[in-house]
Amino acid sequence: MTAKPFHVAIVGGGITGLALAISLHKRGVSFTIYEQAAAFGEIGAGVGMHANAVRAMKICDEGLLAGFERVATRNAWASKKDVWFDVLDGTSTEPANIPEKLAPLFILTGHEDGHAACHRARFLEEMVPLLPAGSAQFGKRLVSVTGVEEDGGNPLTLVFEDGTTAQADAVLGCDGIKSRTRAVLVAALNKVDNKDNAIIDKAKPTYSHKFVYRGLIPMVDAVAVLGEERSANAMLWMGPDRHALTFPVNHGQTLNLVAFVTTPEPWPSQDAQQLTLPATRDDALRDFAGFGPNVLGLLGKAAPQMDRWALFDLAEHPLPQFYKGRLCLVGDAAHASTPHHGAGAGMCIEDVAVLAELMGTLKSKEELPIAFAAFDASRRGRDQWLVASSRRSADLYEWRARGRDFAGIADEVRARQAYIWNIDLDKSIARAKEDLTRRLAL
Ligand code: FAD
């Protein structure tokens, strides 16, 4: 592999930043990751990956896919292998551990992979060894980037909170929902100073009026409530203004519980800087009053102290472009979404596959903005569709969009999920490369 004649900065070492680093390394692109934390780290929660995400990992790097497969857990039962979720009435008082008494309202069967999920921190631990030694710097909280608006080939300068600076031929913003690179991009697109708050506020995520309790429950406790079948396989529990997901992680030793609440109240901290607030299991039980013994029983097995996570997204403030010059945003920085399709991280990995494949063809640093334009054209529509569709999906699950028309809900959710699952990423990348070739020839 011939080394590319440019060096890029990756801001943020979450799933997007690390997957991108691994994918660029494979394609001869040198990089430095700048992460604000003292070490790579992920929260103790599960993350589900659809077939599209798994196919994207394969394009990114075989090692990335192998790492995911080592930590992935799928539905345990052979009969559930291609099932994404059994969808159940969470308000039912029938016991889930007697399956014939509580039949699913409908089953979301979609793709060859069923439900694949892993513990986030375990996945990150698989990714880190795939990075070349010395390619990450920690404690580097990005404050600004200068030179974005200049056309020449001068390097961009990254300025960090600790007063240090670094230079790179391009900056790839993988800094997540609270992205600083998004503020820099929006300032550059609007030709204003990146301290102009009125403009920068338009690039901030807003509250979707949903929050979530997350818990990891020992499988033995989950089985005591739900029985074997409903614990070993992925379930979606619907109800009015609330819904919950349960699926196995840690090779079936743990049940991941995600319990969503819709509220008219504003999020107490008003912005996306503080996404979690302390809460208790009793708060969760109170919020799920009216649900049946299955969901309440599981919540009762959660730890007494549970955080509440606000769900912010960019639905109200979609970016007009993911790039400007040699600054390009990737993953949640570009299109933070609520998680109701279970596909936000999957879209991040699709982004990475497309961007890495484009950058892998480049011959000079002057071509970088053209590759970013082709990336933007290829990805923005699909990524922003997910953000809007995710909000709609939650309203379907919570009987807000179509009431209790379960047949209608099933049809609509199936169509939306199919759009996510059935992408032909190879074709999409081939088209993006053709577009890049066309743009380079202009
Ligand atoms: P992040 O994970 O936010 O990483 C950003 C990184 O950048 C962090 O390491 C951060 O420290 C660093 N950083 C931030 N600012 C700076 C700065 N100024 N300077 C330097 N470093 C910085 N997706 C799925 O596909 N499946 C799911 O099942 C799923 N479930 C979800 C459940 C919930 C409740 C939520 C909220 C999201 C869920 N998602 C899911 C979405 C998924 O979590 C995100 O899409 C994904 O984690 C985004 O990864 P990222 O690397 O882009 O951003």
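Just above, that's the structure.
Keep in mind the model is a prediction, meaning the values are calculated, not measured.

Caption draft 1: Structural context of the overall build of the chain. On a plain count of helices and strands, the chain comes out with 14 helices and 20 strands. Taken over the C-alpha trace, the chain has a radius of gyration of 22 Å; the compact-globule value for 442 residues is 22 Å, and the two agree within 12%. Taken along its principal axes, the extent of the C-alpha atoms in the chain is 70 × 45 × 40 Å. Scored against the burial criterion, the 442 residues of the chain give a buried share of 57%. Restricting the contact set of the chain to residue pairs at least 6 apart, pairs at least 24 apart contribute 75%.

Caption draft 2: Inspection of the site of the ligand at higher detail. Near the ligand lie 30 residues; those nearest to it are T16, E35, G48, D332 and A345. Backbone polar atom of I15 to an oxygen atom of the ligand: 3.2 Å apart, as the coordinates give it. One nitrogen or oxygen atom from the main chain of A345 is found 2.8 Å from an oxygen atom belonging to the ligand. Within the complex, the protein chains bury 85% of what would otherwise be the 1000 Å² of accessible surface of the ligand. Elements with a contribution of two residues or more to the shell around the ligand: α1 (15-26), β2 (30-35), β3 (46-49), β13 (206-218) and α11 (344-359).

Caption draft 3: Representation of the nonpolar core. In terms of nonpolar packing, the biggest core is built from 83 residues, with L24, M49, L172 and M359 touching the most fellow members. Setting aside its immediate chain neighbours within four residues, M49 contacts V54, M57, F68, A116, F123, A345, G346 and I349. By size, the runner-up hydrophobic cluster in this structure holds 35 residues, among which are A96, A222, L226 and F312.

Caption draft 4: Summary view of helix α14 (residues 425-441). Between its first and last C-alpha atoms α14 spans 24 Å; for 17 residues at 1.5 Å apiece the expected length is 24 Å, and the two agree. The inward-facing, buried residues of α14 abut α2 (51-60), α11 and α12 (368-397). The opening residue of α14, the one whose side-chain oxygen lies 3.3 Å from the backbone nitrogen of D426, is D424.

Caption draft 5: Molecular detail of α11. With 16 residues, α11 should cover 22 Å at 1.5 Å per step; its first-to-last C-alpha distance of 22 Å lies within 8% of that length. Of all 16 residues in α11, 15 are buried, a share of seventy percent or more.

Analysis parameters
- Numbers given for residues are sequential positions, taken from 1 along each chain in its written order.
- It should be noted that, the model being predicted, local features are given only for residues of pLDDT at least 70 and side-chain atom pairs only at 80 or more, the latter also being counted only at that level, while totals for whole chains, interfaces and linings use all residues.
- Derived side-chain values reflect all non-hydrogen atoms in the structure, with water molecules and hydrogen atoms excluded from consideration.
- Strands here are runs of E lasting at least two residues and helices are runs of H or I lasting at least four, both read from the DSSP assignment and numbered beginning at the N terminus.
- Based on C-alpha atoms, the radius of gyration is set beside the globule rule, defined as 2.2 Å times the residue count to the power 0.38.
- We call a residue buried when its accessible area falls under 20% of the maximum for its residue type, exposed when it is over 50%, and partly exposed in between, using a 1.4 Å probe and counting protein chains only.
- Residue contacts follow a heavy-atom distance rule, with two residues in contact if any of their heavy atoms lie within 4.5 Å.
- Nearness is judged by heavy atoms alone; a residue qualifies as near a molecule or strand once a single heavy atom is within 4 Å of it.
- What qualifies as a polar contact is a pair of N or O atoms within 3.5 Å, subject to a donor-acceptor requirement within protein and to the restriction that residues adjacent in sequence count only when both atoms come from side chains.
- Reported accessibility uses the Shrake-Rupley method at a 1.4 Å probe radius. Residues are deemed covered only where the shown protein chains occlude them.
- The definition of a nonpolar core used throughout is a set of buried Ala, Val, Leu, Ile, Met, Phe, Trp, Tyr and Cys residues joined through side-chain atoms within 4.5 Å.
- For a helix, the expected span equals 1.5 Å multiplied by the number of residues minus one.

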